[in-house]
Amino acid sequence: MSRMTDEEFELAFIALGCADPEEARALEARLRASPALQGLVEDRAVELAALAQIAEPATPPPELFARIEAEIDAETAPESETVRAEAGRWIERWPGIWLKSLHRGAEDGVDAYLLRCEPGAVIPNHRHARDEHVFVLEGALCIGALRLGTGDSHLARAGSTHPPARTEAGCLVMVRC
């Protein structure tokens, strides 16, 4: 079997179910438009089926992924910092609003944290001592009449005060200030 091209790798990635539905739809459209690509996928399917017949099922050792993450972290430059999703503590900041610190800026003065807001939660109005950039990762957050949805960002300048922020269905936001 020859080495897979980048395109073949991408197709395998999608065919194995590792892609989101939008990527899978794009693949289906590409396949319909290209008989040559259809043949390539069929050839790879035959090769993989043959390998599946002779391969013994294997379960990776439970510590494998932790070892892989540790190796990646060890290779990370000393000027960088990684916070794993499962690491850190969530602290209730206001009723129904949980904060997880990502970075405390002792040297650069910049803090970064996540806020997970439960449905109906309200962040009280407050004054900003420095610029505060909010990025909505999930859900929606309303600051007064302004509604921010997933992927939206908002910058409140130092010295500004805004009305209470609320969420009807809950949200997850990243804040950098």
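This structure is a prediction, so every number in the text was calculated from the model and none was measured.

Helix and strand content of the protein: four helices and 11 strands. Classification of the 177 residues of the protein by burial places 23% in the buried group. A total of about 12400 Å² of accessible surface is found on the protein, and carbon and sulfur atoms cover 57% of it.

Moving on, we get to the nonpolar core. Core analysis: the biggest nonpolar cluster contains 17 residues, and L115, C117, L141 and V173 have the highest contact counts within it. When residues in this core are grouped by element, the largest group, four residues, is from strand β6 (residues 132-143). In contact with L141, not counting residues within four places along its chain, are V134, L146, R147, L148, A165, R166, C171 and V173.

So, about the pairing of strand β1 (residues 91-94). Here three bridges tie β1 to strand β2 (residues 97-103), and the two strands are oriented antiparallel to one another. Residue pairing across strands places E92 opposite W98, the latter belonging to β2. The hairpin formed by β1 and β2 contains two residues between the paired strands, and G96 there has a positive phi angle of roughly 75°.

A word on the environment of L172. Structurally, L172 can be placed in strand β11 (residues 171-176). Look past the residues within four positions of L172 in its chain and what remains in contact with it is W90, L114, L115, R116, F135, V136, L137 and E138.

Time to look at the side chain of D111. Residue position: D111 is located in the loop between β2 and β3 (112-117). A polar contact is formed between the side chain of D111 and the side chain of R104, at a distance of 3.5 Å. Looking at D111, its side chain comes within polar contact range of the side chain of R130, at 2.9 Å.

Once that is clear, we can look at the side chain of T167. Position of T167 among the secondary structure elements: in the loop between β10 (165-166) and β11. Not counting residues up to four positions away in its chain, the partners in contact with T167 are C117, E118, P119, G120, A121 and A140.

Parameters and conventions
Just so you know, the residues in each chain are numbered from 1, in the order the chain's sequence is written. It should be noted that, the model being predicted, local features are given only for residues of pLDDT at least 70 and side-chain atom pairs only at 80 or more, the latter also being counted only at that level, while totals for whole chains, interfaces and linings use all residues. Excluded from the side-chain calculation are hydrogens and water; included are all heavy atoms of the structure. Put simply, DSSP H or I for four residues or longer makes a helix, DSSP E for two residues or longer makes a strand, and each gets a number counted from the N terminus. Only protein chains enter the area calculation, which uses a 1.4 Å probe; residues under 20% of their type maximum are buried, those over 50% are exposed, and those in between are partly exposed. Each accessible area value is a Shrake-Rupley result obtained with a 1.4 Å probe; residue values ignore everything except the protein chains displayed when judging cover. Buried Ala, Val, Leu, Ile, Met, Phe, Trp, Tyr and Cys residues that are joined via side-chain atoms within 4.5 Å together make up what is termed a nonpolar core. Contacts are residue-level and defined by heavy atoms, with any inter-residue pair within 4.5 Å sufficient. Two strands qualify as a pair provided that DSSP identifies no fewer than 2 bridges between them. N or O atoms within 3.5 Å of each other form a polar contact, as long as, within protein, one can give a hydrogen and the other can take it, and as long as residues adjacent in sequence are counted only when both atoms are side-chain atoms.

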